[in-house]
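Structure assessment
Below, each chain spelled out in residue letters.
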Amino acid sequence: MIALEAQPFEFTFELATCALVIIDMQRDFIEPGGFGESLGNDVSLLSAIVPQCRAVLQAWRAAGALVVHTREAHRADLSDCPDAKRNRGNPRLRIGDAGPMGRILIAGEPGCEIVPELAPLPRETVIDKPGKGAFYATPLGALLRQAGITQLLFMGVTTEVCVQTSMREANDRGFECLLLEDCTESYFPQFKHATLEMVRAQGAIVGWTAPSTALLAALSRAEPVPR
Ligand code: C5J
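Observations regarding the packing of aromatic side chains
Under the criterion given, the structure shown has seven aromatic pairs. Centroid distance phenylalanine 13 to tryptophan 60: 6.1 Å. Interplanar angle 35°. Geometry classified as tilted. Of this pair, phenylalanine 13 sits in strand E2 (residues 11-13) while tryptophan 60 sits in helix H4 (residues 50-62); the two residues are 47 residues apart in sequence, bridging distant segments of the chain. When its relative accessible area of 1% is taken as the criterion, phenylalanine 13 is described as buried. Residue tryptophan 60 is classed as buried on the basis of its relative accessible area, which comes to 0%. Their ring planes at 65° and their centres at 6.4 Å tell us that phenylalanine 29 and phenylalanine 35 sit as a pair that is edge-to-face. Phenylalanine 35 shares its class with phenylalanine 29; the two are buried.

Shown next as structure tokens:
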């Protein structure tokens, strides 16, 4: 059993029944020229968390525990992207439009890929999701249940949109969730701050939060999961 110092109180888990879920660390959100920038955002805020995310990912892999990556990704014919989503935000480039990194948020396009520093290994699961939440219209819930997973550690972007939505979906499905505070970011720092507060309010109503240093320290003392 691993015990993490967390808010609002200690979070305990077993490596064998806990997965690391990395939400949408895609070039379209994190690199200049992608969807995030086309919406008028400063993407350097998001790219700043890549080193911490990489340190956690490497330690989690070394511990032999399950890793899931998600991508916000649509079909090339946009049949899974309703107008209610495509028309939001008045961006310079809409989902499906051609940009400097290929068509925005379309599966298989360069901008839709996960940043190279966090690239999935061939054995790791990658979930393409058409919505903000990782469970909506994806096989994620079934896959986690099949693997015997009961708890989830989250990192990724953006904190108040796809990360928070996915945590709420997970919580409603019975998973205990923890968000790594310095491994998530928003284009709006006040929204990140508010989300961390909301998640852990009322006795962890959505889940727990903890800094990555607490997890890294705990993992350095843990026995890896036998493969
Ligand atoms: C957004 C996301 N913000 N991954 N996507 O549109 O949070």
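That was the structure; now back to the text.
Comments concerning the site of the ligand
As a structural note, the neighbourhood of the ligand is formed by Asp24, Phe29, Glu72, Lys132, Val157, Thr158, Val161 and Cys162. A distance of 2.9 Å is found between an oxygen atom of the ligand and a backbone nitrogen or oxygen belonging to threonine 158. Relative to its unbound accessible area of 230 Å², the ligand is 90% covered by the protein chains. Looking at the shell around the ligand residue by residue, the classes come out as four nonpolar, one polar and three charged.

Definitions and limits used
Along each chain, residue indices are assigned from 1 in the same order as the chain's sequence is written. The model is predicted, so local features are restricted to residues of pLDDT at least 70 and side-chain atom pairs to those at 80 or more, both for listing and for counting; the totals for chains, interfaces and linings are taken over all residues. Neither water nor hydrogens contribute to the side-chain values; these are computed over all heavy atoms in the structure. For Phe, Tyr and Trp, rings pair up if their centres lie within 6.5 Å, where Trp contributes its six-membered ring, and each pair is then called stacked (planes under 30 degrees apart), edge-to-face (over 60) or tilted (otherwise). Under the scheme used here, helices are H or I runs from DSSP no shorter than 4 residues and strands are E runs no shorter than 2 residues, and both carry numbers assigned from the N terminus. Partly exposed residues are those whose accessible area sits between 20% and 50% of the maximum for their type, while under 20% is buried and over 50% is exposed, using a 1.4 Å probe and protein chains only. Summary of the distance rule: residues count as near a molecule or strand when at least one heavy atom falls within 4 Å of that molecule or strand. Polar contact is the term for a pair of N or O atoms within 3.5 Å; when the atoms are in protein, one must be able to donate a hydrogen and the other to accept it, and sequence-neighboring residues count only if both atoms are side-chain atoms. To be clear on the numbers: accessible area is Shrake-Rupley with a 1.4 Å probe, and residue cover counts the displayed protein chains and nothing else. Throughout, the ten residues Ala, Val, Leu, Ile, Met, Phe, Trp, Tyr, Cys and Pro are labelled nonpolar, Asp, Glu, Lys and Arg are labelled charged, and all others, Gly among them, are labelled polar.

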